[in-house]
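# Coordinate inspection notes
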Amino acid sequence: MKKVSVIIPCYNVESFLDRCWNSLTSQTIGLGNIECIFVNDCSTDNGKTSEKLHSIEKSAPDSVMVIDLSENSGPGEARNIGLQYATGKYIQFFDADDVLDNDALKQLFEIAEKNDTDIIQYNHLYISGDQKRSSQDSTENRLFTIETKEDRIPFLNSSLVTYGCTNKFIKKELISKTGSKFPARAKYEEPLFIYPLFLYAKRVYKLNADLYHYYFRAGSMITSELGKKLTDHPKVQLMLLEYCMSRGQTYEEYKDVIELYFLWSFYLETISYAGTYKDAFISLEYFEFMQKVCTNFCRNWRANPYIEMLPQSGIEALKSIDRKFHDQAELNQFFIEERNCI
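The text that follows walks through the structure, step by step, so that each part is easy to find. Within every chain, residues take consecutive numbers counted from 1 along the sequence as written. Note on the predicted model: pLDDT of at least 70 is required for a residue's local features to be given, and 80 or more for side-chain atom pairs to be given and counted; whole-chain, interface and lining totals, by contrast, use all residues. Each side-chain value is derived from all of the structure's non-hydrogen atoms; neither hydrogens nor water enter the calculation.

## Quick notes on the overall build of the protein
A helix here means a DSSP run of H or I that spans at least four residues, while a strand means a run of E at least two residues long, and both kinds are numbered starting from the N terminus. Check the secondary structure of the protein and you find 13 helices and 10 strands. Radius of gyration here is computed from C-alpha atoms only, and the compact-globule reference equals 2.2 Å multiplied by the residue count raised to the power 0.38. Over its C-alpha atoms the protein spans a radius of gyration of 21 Å, differing by no more than 12% from the 20 Å that the globule rule assigns to 342 residues. Projected onto its principal axes, the C-alpha coordinates of the protein cover approximately 60 × 50 × 40 Å. Out of the 342 residues in the protein, the part that is buried amounts to 54%. Within the protein, residue pairs in contact and separated by at least 24 positions form 81% of the contacts whose partners lie at least 6 positions apart. Computed with the Shrake-Rupley method and a 1.4 Å probe, the accessible areas treat only the protein chains shown as cover for residues. When the accessible surface of the protein is summed, it comes to about 15600 Å², and 47% of that surface belongs to carbon and sulfur atoms. Exposure is judged per residue with a 1.4 Å probe applied to protein chains only, and the accessible area is read against the type maximum: over 50% gives exposed, under 20% gives buried, and values in between give partly exposed. Any pair of residues with heavy atoms lying within 4.5 Å of one another is described as a contacting pair.

## Notes on the pairing of strand β7 (residues 131-134)
Pairing between two strands requires that DSSP report at least two bridges joining them. Relative to β7, strand β6 (residues 119-128) is paired through four bridges, and the arrangement is antiparallel. Bridge pairing links Ile127 to Lys132 in β7. What sits between β6 and β7 in their antiparallel hairpin is a turn of two residues, with Gly129 showing a positive phi close to 65 degrees.

## Description of the nonpolar core
Within this scheme, the nonpolar core is defined by two criteria: the residues are buried Ala, Val, Leu, Ile, Met, Phe, Trp, Tyr or Cys, and they are joined through side-chain atoms within 4.5 Å. Counting residues in hydrophobic clusters, the biggest one holds 77 residues, and the most contacted among them are Tyr195, Tyr267 and Phe287. Per-element tally for this core: the top contributor is helix α10 (residues 255-276), with 11 residues. Residues within four places of Tyr195 in sequence aside, it is in contact with Leu156, Tyr163, Leu240, Cys244, Val257, Ile258 and Tyr261. Listed in part, the 38 residues of the second largest apolar core include Val4, Ile29, Phe94 and Tyr214.

## Focus: helix α13 (residues 328-337)
Taken as a whole, α13 has its buried residues at Leu331, Phe334 and Phe335. End-on, the buried residues of α13 take up no more than an arc of 100 degrees, which puts them together on one face. Facing away from the buried surface of α13 by more than 90 degrees, the exposed residues are Ala329 and Glu337. Counted as a polar contact is a pair of N or O atoms within 3.5 Å, where, for protein atoms, one must be capable of donating a hydrogen and the other of accepting one, and residues adjacent in sequence contribute only when both atoms are in side chains. The opening residue of α13, the one whose side-chain oxygen lies 3.3 Å from the backbone nitrogen of Ala329, is Asp327. Within this analysis, the arc is defined by the directions that extend from the helix axis to the C-beta atoms.

## Quick look at the environment of Asp95
Along the polypeptide, Asp95 turns up in the loop between β4 (90-93) and β5 (99-100). Here the alpha-carbon distance between Asp95 and Tyr11, two residues 84 residues apart in the chain, equals 9.9 Å. Look past the residues within four positions of Asp95 in its chain and what remains in contact with it is Ile8, Pro9, Arg79, Thr166 and Tyr212.

Everything listed is a geometric property; what it means functionally is a separate question.
As C-alpha cells, then:
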C-alpha cells in the first residue's frame, strides 16, 4: 500500500502536465511512496492530454495510473472515480495546473502519522501572474481533538476550516466512513464532499504552511462561467442537506448547526454571489424555489440557538425568505443591495 494517493482530474491540460508531473516527482517523500491517479475527463484537445498522460504512466508504471473517461463528467466525478482506485492511506486532491511544494507530502504524512489525524488543513498560495497571496488565517499550528458533541458543535460553528478539497490531507478511512462523494457535472462541488468529513473527523490539524500553489488562469474550471453556473451552488448545498438528513442520529445531534450552515451557504452565499458576479443570473422562479426550501426545512430559523453567529446583515437578508418579489428586475436589484450580506 502506498502512503499517499494523489488524485488529479484532467481536462485539456496537456500544456500544464510537465509542470504537474515535475511537482510530483520532486516530492521528498519519494515517488515510490505515492500513487498518482490521473483521470482524463474526456479531454477534447485531439488526444494531446491523453497522449501526455500515457507517456507519464509509461515512465513510472509502479506509481502512475491513468483512467480515460468516455464522457465528460466534471472534476467532481473524476475525483470520485479516482477514489475508487485509490489504495493509499491518505488522499490528496491535486489539480493538474497547480503545484505542490516539494516537501508537501512528506511533511503532511509525518504530521498525520505523529498525530493520528483524520484531516490536515493547510494553506493555499494563490498565484495570479506576478501576484501571490497566502490563504493563511492564523500563524499557529493547532491540533483539534473532537471526541464529544460538546467538542464538535463549536468546531462546526467556527470559521476554523474551509470546504475546498485541494488544501486537505485526508485519511482514506474517514472518506470510507462518511461515504462522501462529489456531485457530477457541477461547479461549486467541493462542500458536498468536505462538509460531511467534519461531522465525523475526530482529529483535525491546522497547519500554517503554504504547501499548495494555486494558479488562477483564464478558462479554468474555477474561473470560467461561475456566474452563469451559479444555480449549481444552491443545488449542491441542497444535496448536502439531503446527505445530512440521511445520517439519522448524527443529523438529529447537529440539526441546529447544519441548519445554520445551510442558511448561510444555500441562501446567503447565493444571494451574495448573484450580486457580485457580472454574468450571474438567478431566475425569479428558481429564487422562489429557494425560498420554499428554506420555509420547509428551516421554518423556525429565527429560534435557532446559533443564529446570532451570523452577521447582522445576513440575519436581515434572511428575512427575505418570506418576501414576495414581483418581477425579475426587483429581484436583481435586491441581489445588488445584499451582495455584502455574508
